[in-house]
Amino acid sequence: MDGNGRWAARRGLPRLAGHREGARAVRRTIEAARDHGVGWLTLYAFSSENWRRPHGEVRDLTGLLRHYLRTEIAELAANGVRIRAIGDRERFDPDIRALLVAAERGTIGNTGLNLTIALSYGGRDEILAAARAAAREVAEGRLDPAMLDEAMFEGLLSTAGIPDPDLVIRTSGERRLSNFLLWQSAYAELVFQDVLWPDFGPVQFAEALAEYARRERRFGARPG
Ligand code: IPE
Ligand code: MG
């Protein structure tokens with residue numbers, strides 16, 4: 001989800017206005033995903049690098065997250081959404097961590113859209129943590145390095161149990177993954193859209209799905 005700042009700058013508004021409008025786009029996107037029967041949706045809401053933004057903007061973003069969790073979770077839960085969070089949540093204030101735990105626990109039995117929010121998330125951080133966990137198992141004599149395979153390694157990632165993404169959408173014209181689900185996106189179709197995130201909605205979502213449908217996925221195998 002990229003382009004909140006540019007959306008605001010184009011209107012002569014503070015960046016916070018762009019982030020607020022971005023939160024509305026999140027609501028529209030979750031609805032669009034549900035309407036299209038998408039089973040799993042992951043939103044990259046806050047990267048591990050975003051902590052390096054000016055203090056005021058970090059405070060605005062975490063404040064908005066707090067507000068979003070307080071006001072939106074109940075409705076999502078009522079709509080059957082199962083909520084998960086990935087990333088280094090320890091860096092957030094205790095009340096936000098508590099809201100995340102409550103959202104996860106309160107929706108654990110839901111069978112509708114699986115919504116994962118990536119918060120203070122970084123793909124390299126995640127892979128390093130998994131490598132560290134595997135190394136610990138080896139050091140403590142519980143794992144033979146030769147036995148470590150992809151399935152086992154996946155089980156050590158924060159996305160354990162969450163399917164790999166088929167489609168990754170990035171907005172705002174940037175053509176990078178920027179540390180998003182690096183391991184998991186190995187075979188994902190990448191769709192880059194020029195729309196700024198606050199302007200994203202059902203039309204852009206449908207366009208991305210249509211683009212995905214036109215791609216031929218071979219997973220490295222020969223065509224035909
Ligand atoms: C994305 O918009 C929102 C977050 C990173 C939380 P940006 O804030 O990155 O907006 P631009 O890239 O400056 O336009
Ligand atoms: Mg950006």
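Above: the structure in question.
From a predicted model like this one, the values you see are computed outputs, not experimental measurements.

Looking at the site of ligand 1
Close contacts around ligand 1 come from Met1, Asp2, Gly3, Asn4, Gly5, Arg6, Arg15, His19, Ala45, Asn50, Arg53 and Leu61, and that covers them all. At 3.1 Å from an oxygen atom of ligand 1 is found a main-chain nitrogen or oxygen belonging to Asn4. In isolation ligand 1 offers 380 Å² of accessible surface; the protein chains occlude 86% of this area. Listed by contribution, the elements that provide at least two residues to the shell around ligand 1 are helix H1 (4-10) and helix H2 (15-35).

Notes on the nonpolar core
In summary, soluble globular proteins display a tendency toward joint burial of nonpolar side chains. Counting 31 residues, the largest nonpolar core has Ile30, Leu41, Leu76, Ile83, Phe92, Leu115 and Leu119 as its most contacted members. At the level of elements, H2, strand S1 (40-47), helix H3 (55-78), strand S2 (82-86), helix H4 (94-106) and strand S3 (114-121) are the ones that each hand at least two residues to this core. Ranked by the residues each element gives to this core, the list is headed by H3, at seven residues. Ignoring sequence-local partners within four residues, the contact set of Phe92 consists of Phe46, Trp51, Thr62, Leu65, Arg97, Leu119 and Ser120. Core analysis: the next-biggest nonpolar cluster, separate from the first, contains eight residues, Tyr121, Val168, Leu181 and Ala188 among them.

Looking at the sheet that holds S3
Note: strands within a sheet are paired through backbone hydrogen bonds, in either parallel or antiparallel orientation. Taken together, three strands build an open sheet; the order of strands is S1-S3-S2 and the sheet is parallel. The open sheet has two free edges, formed respectively by S1 and S2, since each of these has just one partner strand. In this sheet, neighbouring strand axes are inclined to one another by 20° on average, regardless of whether the strands run parallel or antiparallel. Running over the sheet, H4 touches S2 and S3 and is turned about 140° from S2.

Topic: H4
With 13 residues, H4 extends 18 Å from end C-alpha to end C-alpha; this agrees with the ideal 18 Å at 1.5 Å per step. At its buried positions, H4 is contacted by H3, S2 and S3.

As for unusual backbone geometry
A positive phi is found at Ser120, a non-glycine position, where the angle reads about 50°. The exposure class assigned to Ser120 is buried, which follows from its relative accessible area of 2%.

Description of the environment of Ala213
The residue Ala213 is located in helix H7 (residues 202-214) in this model. Since its relative accessible area comes to 60%, Ala213 is described here as exposed. In the structure, Ala213 is positioned 24 residues away from Glu189 in sequence and 9.9 Å away in space, judged by C-alpha atoms.

Digging into the side chain of Glu104
Mapping Glu104 onto the fold places it in helix H4. Separated by 2.8 Å, the side chain of Glu104 and the backbone nitrogen of Ala85 make a polar contact. In contact with Glu104, other than residues within four places in its own chain, are Ile83, Arg84, Ala85 and Arg89.

Looking at the pairing of strand S4 (residues 167-170)
Of the two faces of S4, the one lined by Val168 and Arg170 is fully buried and the one lined by Leu167 and Ile169 carries no buried residue. Sheet topology note: the S4/strand S5 (residues 189-192) ladder contains four bridges and is parallel. In the strand pairing of S5, Ile169 is matched with Val191.

What to know about the pattern of salt bridges
Proximity of charged atoms lets side chains of opposite charge pair with each other. If you walk through the whole model with that rule in mind, you get 20 salt bridges. With a closest N to O distance of 3.4 Å, Arg6 and Asp2 form a salt bridge. Of the residues examined, Arg6 reaches a relative accessible area of 32% and is grouped as partly exposed. Taking the shortest distance from any N to any O, the salt bridge between Glu211 and Arg214 comes out at 3.0 Å. One end of the pair, Glu211, and the other, Arg214, are both in helix H7, three residues apart, so they sit about a helical turn from each other. The network of salt bridges with shared partners includes Asp2, Arg6, Arg170, Glu174 and Arg176.

Calculation rules
- Residues numbered from 1 in each chain as written.
- Chains lettered and ligands numbered in written order.
- Predicted model: local features only at pLDDT ≥ 70, side-chain atom pairs only at ≥ 80, totals over all residues.
- Heavy atoms only, no water.
- Near = heavy atom within 4 Å.
- Polar contact = N/O pair within 3.5 Å; in protein donor to acceptor, adjacent residues only side chain to side chain.
- Areas by Shrake-Rupley, 256 points an atom, 1.4 Å probe, with all protein chains shown as cover.
- Helix = DSSP H or I, 4+ residues; strand = E, 2+ residues; numbered from the N terminus.
- Core = buried A, V, L, I, M, F, W, Y, C linked by side-chain atoms within 4.5 Å.
- Buried < 20%, exposed > 50% of the residue type's maximum accessible area, 1.4 Å probe, protein only.
- Contact = heavy atoms within 4.5 Å.
- Pairing = 2+ DSSP bridges.
- Axes fitted to C-alpha atoms, helices over the stretch in contact; angles between N-to-C directions.
- Expected span 1.5 Å × (residues − 1).
- Salt bridge = Lys/Arg side-chain N within 4 Å of Asp/Glu carboxyl O.

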